[in-house]
Amino acid sequence: MQFGTLNFNNVAVPAGVTVTGVGTSEVTLTGDETAVNTYLANFGYTPNAGYINANTSGGALASGAVAPDVLSMSVTTANNTNNPVTGSLNLLVKATDNKPRIVSPLPDRMYYAEPGVATETAITLTLADADTVATAFVNNATSGPRIVATSDNPNLILPADMATAIGGSGNARTFTVKHQPNITGVANVTITINDGALQNTYTFKVTVVPAPQYYWSILAGSSTGAAGSTNATGTSATFSSPFGMVRDSQGNLFVSDAGNHGIRKITPLGVVTTFAGTLGTAGYADGTGTAAKFNAPAQLAIDASDNIYVADQMNHRIRKIDKFGVVTTIAGTGTLGGTDGAVASATFNQPTGIAITPTGVIYVADKFGHIIRKIDGGQVTTLAGAYGIGQFADAVGSAARFNRPTGLGLLPDGNLLVRDGINPLIRHLNITTLAVTTYATSAINQDGPPNISPTGDVYATVLDNSISVFSSFDSAKLAGTGTAGSVVGDNATATFSLPRSMAFGPNGTLYLVSGGANNIRMGSPIPSLANPGKQVVGDTQLLTFASAATQRLSIQSNGAAEPLTLTLAVTKGKVTLSQL
């Protein structure tokens, strides 16, 4: 082997590449990755995919490589066929930008304003020095912090909180947003990182919006929590441990009245009737209306044709009610079990959760089977969990574990959220891969399903008799003081007892089953930046009109005792009343 210096002068240096050290045993190349690769090809080196830390084995230098990156390899000059030179060559390849950087995504964030200081989930920051390998972030003897965060909105995010917002060490850092109570607005957050000589800055936007505000009245059922089976209007009607609820295309609500073993109907005006089942009598019978029988019916689902599907818990069956009140059995023999197969021979073990897709596929949370089932094409199959094994495990298919799953919610993308009762969590089930992961870890009420709005927001009932909302960007407590009751009021003052299923009406209206209070609540949106629209006011509250000279006022009592007495007090300006 011939040793000595390597001369590059016979090969033209392409544009974008600078070569130094020609004629010595160490040559340095600086410049564009593609151009450097093209140049190296003249000397017997062919990169396979950009730059990585290559050596004599001939690997390639990593794409977007940091620098300096030393490549040691054996080279035979290819442009001197009469007298080729073979030897050992160290190539020092340098990037043109040596600034440190954040290599993890840093998109804008949005959060809900909350009554107290809100500490949000930490944002992951993966850092890298441009003069070391991609996953390293070393201290180059710089003075002061290597990474600093600032905000241009000191009212929304206090400077003191920004000073402690960065966590972690080395290249694995975190940034935690902590925003002030009941304050909305926008903050531009700037993160600066430096290596002693060079620095980079990254800016992203934090927006805090108002949480949705509602006024919670009683649509139907006792205001004192009394149980019963009376068909009547508003608070004169009674229920017994109501559980599931759906809303049809005409605006009617249907409630599974578990303690009464029937399905009740509530019109938009609060008129309650029995739609199916024999109230007060547990049993099993297909039939029409009150000739049918159920046994502790739980969650309901509804399709586009207004057919209702019932998780008939203690009958261990899945039932269907058409819009005329005709009840049939979809699946299950009535025998306890977890047998898959044809719908006529499959068995269930206290099914309590149910959901249906636009194409008619039915999913079932089989509570004491600890499994999630699917009904499609006349067949029942188990998607996730192991029958009879109540545990916890995020895994795939039969390796996953649930503990008394009690409710289901169908996400807009077709995947499922599962109320995992005893654990108690909300779990996510990917219908395609059957992967089960944990979606929310709050102290979730084991009886209520994940309630998914038309916009994809998730409303979950919590063990302290409150409701939380999980949007695509944040989660926050929505309503409830934590005390069980039936107090009518806004989010901050209303009380509930064992809140369970929810339904969603027009203009953002919410309907809630307050199972422990034996009534159905209606949440009317109060206008705000997050909820423009109708104004809902309680006694002595202020009703504000726009600045137009003429206003039309329609009044709805939301179930209050009639006749309704109105007292008009004008707090500003002069009002003239005219008959329309």
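In case you missed it, the structure is sitting above this.
Here's what I pulled together on the structure shown here. (Residues numbered from 1 in each chain as written. Predicted model: local features only at pLDDT ≥ 70, side-chain atom pairs only at ≥ 80, totals over all residues. Heavy atoms only, no water.)

## Digging into the environment of Ile452
Move 1: Tracing the backbone through its elements, the reader meets Ile452 in strand E34 (residues 451-452).
Move 2: Look at Ile452 and you get buried, because its relative accessible area is 17%.
Move 3: Through-space distance from the C-alpha of Ile452 to that of Ser471 is 9.8 Å; in sequence the pair is 19 residues apart.
Move 4: If we ignore the near neighbours within four places in the chain, the residues touching Ile452 are Gly409, Leu410, Leu411, Pro412, Leu417, Asp457, Val458 and Phe504. (Helix = DSSP H or I, 4+ residues; strand = E, 2+ residues; numbered from the N terminus. Buried < 20%, exposed > 50% of the residue type's maximum accessible area, 1.4 Å probe, protein only. Contact = heavy atoms within 4.5 Å.)

## Description of the sheet that holds strand E41 (residues 519-525)
Move 1: Here we have five strands laid out as an open sheet, ordered E38-E15-E41-E40-E39, and antiparallel in their pairing. Edge positions in the open sheet fall to strand E38 (489-490) and strand E39 (499-504), since each of these has one partner strand only.
Move 2: Bridge count between strand E15 (residues 214-221) and E38: two bridges; the pairing is antiparallel. Within the sheet, the bridge partner assigned to Trp216 lies in E38 and is Gly489. (Pairing = 2+ DSSP bridges.)

## A word on the packing of aromatic side chains
Where two aromatic rings form a pair, the distance of their centres and the angle of their planes describe that pair.
Move 1: Counting across every chain of the model gives six aromatic pairs.
Move 2: Arranged with centres 5.8 Å apart and planes meeting at 90°, the rings of Phe175 and Phe204 form a pair that is edge-to-face. With Phe175 in strand E11 (residues 172-175) and Phe204 in strand E14 (residues 199-209), the pair connects residues that are 29 residues apart, well separated along the chain.
Move 3: What makes Phe175 buried here is its relative accessible area of 1%.
Move 4: By relative accessible area, which is 1% here, Phe204 ends up buried.
Move 5: Clustering of aromatic rings is evident, with ring pairs tying together Tyr214, Trp216 and Phe496.
Move 6: We note Arg264 situated over the ring of Phe239; from NZ or CZ to the ring centre the distance is 4.9 Å. (Phe/Tyr/Trp six-rings, centres within 6.5 Å; stacked < 30°, edge-to-face > 60°. Lys NZ or Arg CZ within 6 Å of the ring centre and 35° of its normal.)

## Observations concerning the side chain of Asn307
Move 1: Structurally, Asn307 can be placed in the loop between strand E21 (297-302) and strand E22 (308-312).
Move 2: Setting aside residues no more than four positions away along its own chain, Asn307 makes contact with Ala301, Ile302, Lys320, Ile321, Asp322 and Lys323.

## Description of the pairing of strand E28 (residues 371-376)
Move 1: With five bridges connecting them, strand E27 (residues 362-366) and E28 associate as antiparallel partners. Directly across from Ala365, in E28, lies its bridge partner Ile372.
Move 2: Linkage of E27 to E28, two consecutive antiparallel strands, is achieved through a turn of four residues, within which His370 is found at a positive phi near 60°.
Move 3: Across five bridges, the pairing between E28 and strand E29 (residues 379-384) is antiparallel. Across the sheet, Asp376 pairs through a bridge with Gln379, a residue of E29.
Move 4: Adjacent in sequence and paired antiparallel, E28 and E29 are bridged by two residues, among which Gly377 carries a positive phi angle near 60°.

Keep in mind these numbers describe shape, not what the thing actually does.
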